[in-house]
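Structure assessment
Take a look at the letters that make up each chain.
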Amino acid sequence: MEIKVDKTTCTGCSLCKNFCMYDAIEITGGKAIINDNCIFCGACIDACKFKSIEITGIHEKNFDFSAYSGVMIFIEQHEGTVAEVSYELLSEGRKLADALGSKLYGIMPGYELKEKISGIFNYGIDRLYIADNEIFKHNIDDIYSKILVQAINKYRPDIFLGGATSFGRTLLPKVAAIIKTGLTADCTALSIDPEKKILLQTRPTFGGNVLATIITRNARPQMATVRPHVMAKEPVQNAENRQTDNYLKYSDRIEFLEFDPLNFKTKYKLLSREKELGQSINLSDYDVIVSGGRGIGGPDNFSLIKELADSLGGVVGASRAAVDSNWISYPHQVGQTGKTVNPKVYIACGISGAIQHLAGMQTSDIIIAINRDPDAPIFKIANYGIVGDLFEIIPRLIKKIKNGKGIT
Amino acid sequence: MENIFRIIVCIKQVPGTTEIKINPETNTLVREGIETVINPFDTYAIEEGVRIKERMQQSGSEAEVTAITMGPAQSESILREAISLGADKAILLSDRAFAGADTWATALTLKNAVKKLEGWRLIILGKQTLDGDTGQVGPELAHMLNIPFIGYASSIEHISGQKITVKRLAEDRYETFEVRLPAAISVGKDINVPRVPSLRGKLKAKNETIPVLNIADLSMDEKDAGLSGSYTQVIKIFTPKHVYEVKMIEGSPDEQAEELFTKLKQLNIV
Ligand SMILES: Cc1cc2nc3c(=O)[nH]c(=O)nc-3n(C[C@H](O)[C@H](O)[C@H](O)COP(=O)(O)OP(=O)(O)OC[C@H]3O[C@@H](n4cnc5c(N)ncnc54)[C@H](O)[C@@H]3O)c2cc1C
Ligand SMILES: Nc1ncnc2c1ncn2[C@@H]1O[C@H](COP(=O)(O)O)[C@@H](O)[C@H]1O
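Residues numbered from 1 in each chain as written. Chains lettered and ligands numbered in written order. Predicted model: local features only at pLDDT ≥ 70, side-chain atom pairs only at ≥ 80, totals over all residues. Heavy atoms only, no water.

1. So, the domain arrangement of chain A
This is how the line gets drawn: Where each domain begins and ends is defined by an automated method or by a domain database.
If you check the domain split of chain A, you get domain 1 (2-56), domain 2 (71-237 + 245-259) and domain 3 (283-402). For domain 1 of chain A and domain 3 of chain A, the distance between their C-alpha centroids amounts to 40 Å.

Now the structure itself:
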């Protein structure tokens, strides 16, 4: 394997050098020279306007993948409640299946699922594989991986997707390792290459500063985890009778997987599961996040942020500076070392907008920033900006919201 | 065999992201004097390894921490840093053939290296890297070694020579698992506060010889390593097209609050 610069077409323009994250390119004698720091990430190949850079000598194995077809979605549930991201994936999966002219499948392990599944059929699923047993009561990856592997080996989907939740991001790597295929983490866009009919998987890297498009070569299925809240949840039109809880209505599209529960041994002993005490902390469950940073000034002032969040039916987020000062607990932290969130509305109060914070929230639909420094970087990515003192703005806003509610 | 509780900490060198900026006019990357650092989450992994070692030593058992990385020759510097932070030994896996590895090929290379070591009981990883940002190496490595993996650990409740009890935050819940050793875990920043290098550590870091293992040492085939051994391949890297047009809300605080309130109404959130 080798990375080469074509000396005849290279102009030494240094575009590639600017793109390289690893200090692996020098411009010497008017030409780009790639040194041993190179990790073959390919960024320079794409950056080069003259198509002068090429990676050669990758061992290609030629496989026949014609036995694989369809898009299979891992439908994640927690104690019987289907995770939102699963509906998003079904919606996206339908589009991918249509682009390929193939089918959409779901695989759902769990316990006492029957009454919980009818909503799934509003998303144009062709077939739902269910594994309903007490062994799937708790989401434990070595147990779940076995049934997913069984389904993949039996039904050979071309594409297999799961949510990039904590569970999905532990479970799917295990499944991929067993199946021996690639897995692209935390994707934010998926599409089908119209010619090659392969899955193009796009994901943020380097803290969201760069997007990379990744393909799965040499193996099937093409597997990816997908970031929650990014894909739209779109029930297909004319979805029959949304409200019925009677799964029997769909029995022609349901298949119960056969398996021997005794084969599902686990290496894990679950000692306890407890909800985090105090305020709910799953930031990604909310459409509105009101975040406070160092500008809040102290732990007590977070009650103001909380009041605003509550009045909007939202949740409190925070910058690392606020968490590191112990003004609020870590599960509230948004950003590169905290949670990545994509709410409908993100209100940043007293947050400067350091790149690590932006990494965790820049894909929010609408960003509103309140900061008294007009040059704060947060204003570069906000949709609406208010330069001002948050202690003057927020109480007034809360009052208006409360009044507004009283009137209507 | 001597009874030492051996801990392996997997670390990776990554570009320091504070240095990466996007030029808003041209939408291209601007990098000024890039520096490479230990992946931030891996510093918590080192610290946790050292703390477990110290706990073991206090209870009279022998323990040892080995830091391991796969990367270009210059990654040696992060291994020295790991030693200054309390690791006892370090191993560098370096070969041109390892370059371009995806998580699968990385995990496979790490597995082959771990298999060469003896007496290890626990592997600690960072929960994800800054550049790859996948968090997949841990679960894949654990599967290849046929040991349990607990991701996103927020505290180690108990550890003995045989078992480990780990608490972790999964979505909105804390889960506590007990597994038998050997096992692998990944950690984030809520698990500890890393110490600063000690003087003695720095001295040891300077003098330590760090063995370098190449593809032949790991008895691996070139087609299973690096980009050749990867199932995924990056085909394009680009900067997100931000069409940010910030609308500034001006006026007195009262007017600003009023306009913001109207916006929130239009957005249907009040
Ligand atoms: C490896 C790494 C990972 C990191 N991960 C994260 C992460 O996950 N999340 C994260 O958030 N950060 C992260 N950081 C830290 C990040 O770089 C910043 O330090 C942090 O985000 C700053 O927080 P802040 O905006 O609250 O504070 P500051 O940068 O201090 O900004 C405070 C802002 O409040 C404004 N202000 C002050 N008073 C008022 C007032 N009365 N009214 C209105 N505005 C006011 C000020 O003008 C200022 O802009 C990370 C850093 C590193 C190196
Ligand atoms: N090249 C590598 N060498 C050693 N450890 C690694 C390497 N890449 C990843 N890791 C470990 O795996 C964790 C998760 O990495 P990733 O899957 O790339 O997000 C990191 O925090 C490290 O502990």
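2. Focus: the site of ligand 2
All names here are of chain B. Put simply, the rule reads: Any residue with a heavy atom positioned within 4 Å of a molecule or strand is treated as near that molecule or strand. Throughout this description, a polar contact denotes any pair of N or O atoms lying within 3.5 Å of each other; where both atoms belong to protein, one of them has to be capable of donating a hydrogen while the other can accept it, and for residues adjacent in sequence the pair is counted only when both atoms sit in side chains. Surface exposure here means Shrake-Rupley accessible area, sampled with a 1.4 Å probe, where a residue is shielded only by the protein chains that are shown. Helix numbers and strand numbers start at the N terminus; a helix is a DSSP run of H or I with at least 4 residues, a strand a run of E with at least 2.
Around ligand 2, 19 residues are found, and the nearest of them are Cys-10, Asp-42, Thr-129, Thr-134 and Gly-135. Between ligand 2 and Met-70 there is a distance of 2.9 Å, counted from a nitrogen atom to a backbone nitrogen or oxygen. At 2.9 Å from an oxygen atom of ligand 2 is found a main-chain nitrogen or oxygen belonging to Gln-136. In the complex, the protein chains occlude 97% of the 480 Å² of accessible area that ligand 2 would expose alone. Among the secondary structure elements, those contributing two or more residues to the shell around ligand 2 are strand E6 (62-70), helix H3 (103-116) and strand E8 (120-126). For the shell around ligand 2, the element with the most residues is E6, which contributes 3 residues.

3. Description of the pattern of salt bridges
Using the following cut-off: Just to be clear on terms, a salt bridge is a Lys or Arg side-chain nitrogen sitting within 4 Å of an Asp or Glu carboxyl oxygen. Type-normalised accessible area, obtained with a 1.4 Å probe on protein chains alone, sets the label of each residue: buried when under 20%, exposed when over 50%, and partly exposed for intermediate values.
One pass over the structure, following the stated rule, counts 35 salt bridges over all chains. Between Lys-269 of chain A and Glu-178 of chain B there is a salt bridge, with its nearest N and O atoms 3.4 Å apart. Placement of the pair is Lys-269 of chain A in strand E17 (residues 268-275) and Glu-178 of chain B in strand E11 (residues 173-180), with the two residues belonging to separate chains. Taking the relative accessible area as the measure of exposure, Lys-269 of chain A reaches 46% and is therefore partly exposed. One salt bridge in this structure joins Lys-306 of chain A and Asp-310 of chain A, with 2.9 Å as the shortest N-O distance. Here Lys-306 of chain A and its partner Asp-310 of chain A are both found in helix H6 (residues 302-311), 4 residues apart, which amounts to about one turn of the helix. The class for Asp-310 of chain A is partly exposed, based on a relative accessible area of 42%.

4. What to know about unusual backbone geometry
Note the cis peptide between Arg-220 of chain A and Pro-221 of chain A, where omega equals 0 degrees. Position of Pro-221 of chain A among the secondary structure elements: in the loop between strand E14 (210-216) and strand E15 (222-226). Unusually for a residue other than glycine, Asn-146 of chain B sits at a positive phi of about 55 degrees. Tracing the backbone through its elements, the reader meets Asn-146 of chain B in the loop between helix H4 (137-145) and strand E9 (149-159). On the basis of relative accessible area, Asn-146 of chain B is assigned to the exposed category, the value being 58%.

5. Brief notes about the packing of aromatic side chains
Applied cut-off: Stacked, tilted and edge-to-face pairs are distinguished by plane angle, under 30 degrees for stacked and over 60 for edge-to-face with tilted covering the rest, among Phe, Tyr and Trp rings (Trp via its six-membered ring) whose centres lie within 6.5 Å. By definition here, charges over rings are those cases where NZ of Lys or CZ of Arg is within 6 Å of the ring centre and within 35 degrees of the ring normal.
A full pass over the atoms with the stated rule returns 14 aromatic pairs over all chains. On the basis of an interplanar angle of 20 degrees and a centroid distance of 4.0 Å, the ring pair of Tyr-129 of chain A and Tyr-155 of chain A is categorised as stacked. One end of the pair, Tyr-129 of chain A, is in strand E9 (residues 127-132); the other, Tyr-155 of chain A, is in helix H4 (residues 141-155), and 26 residues separate them in sequence. Consider the rings of Phe-136 of chain A and Phe-259 of chain A, whose centres lie 5.6 Å apart with planes at 65 degrees: the pair is edge-to-face. Of this pair, Phe-136 of chain A sits in the loop between E9 and H4 while Phe-259 of chain A is found in the loop between strand E16 (254-256) and E17, placing the two residues 123 residues apart along the sequence. Every member of this aromatic cluster is reached through a ring pair, and the members are Phe-74, Phe-136, Tyr-144, Phe-167, Phe-259 and Phe-264 of chain A. The side chain of Lys-167 of chain B reaches across the aromatic face of Tyr-174 of chain B, ending 4.9 Å from its centre.

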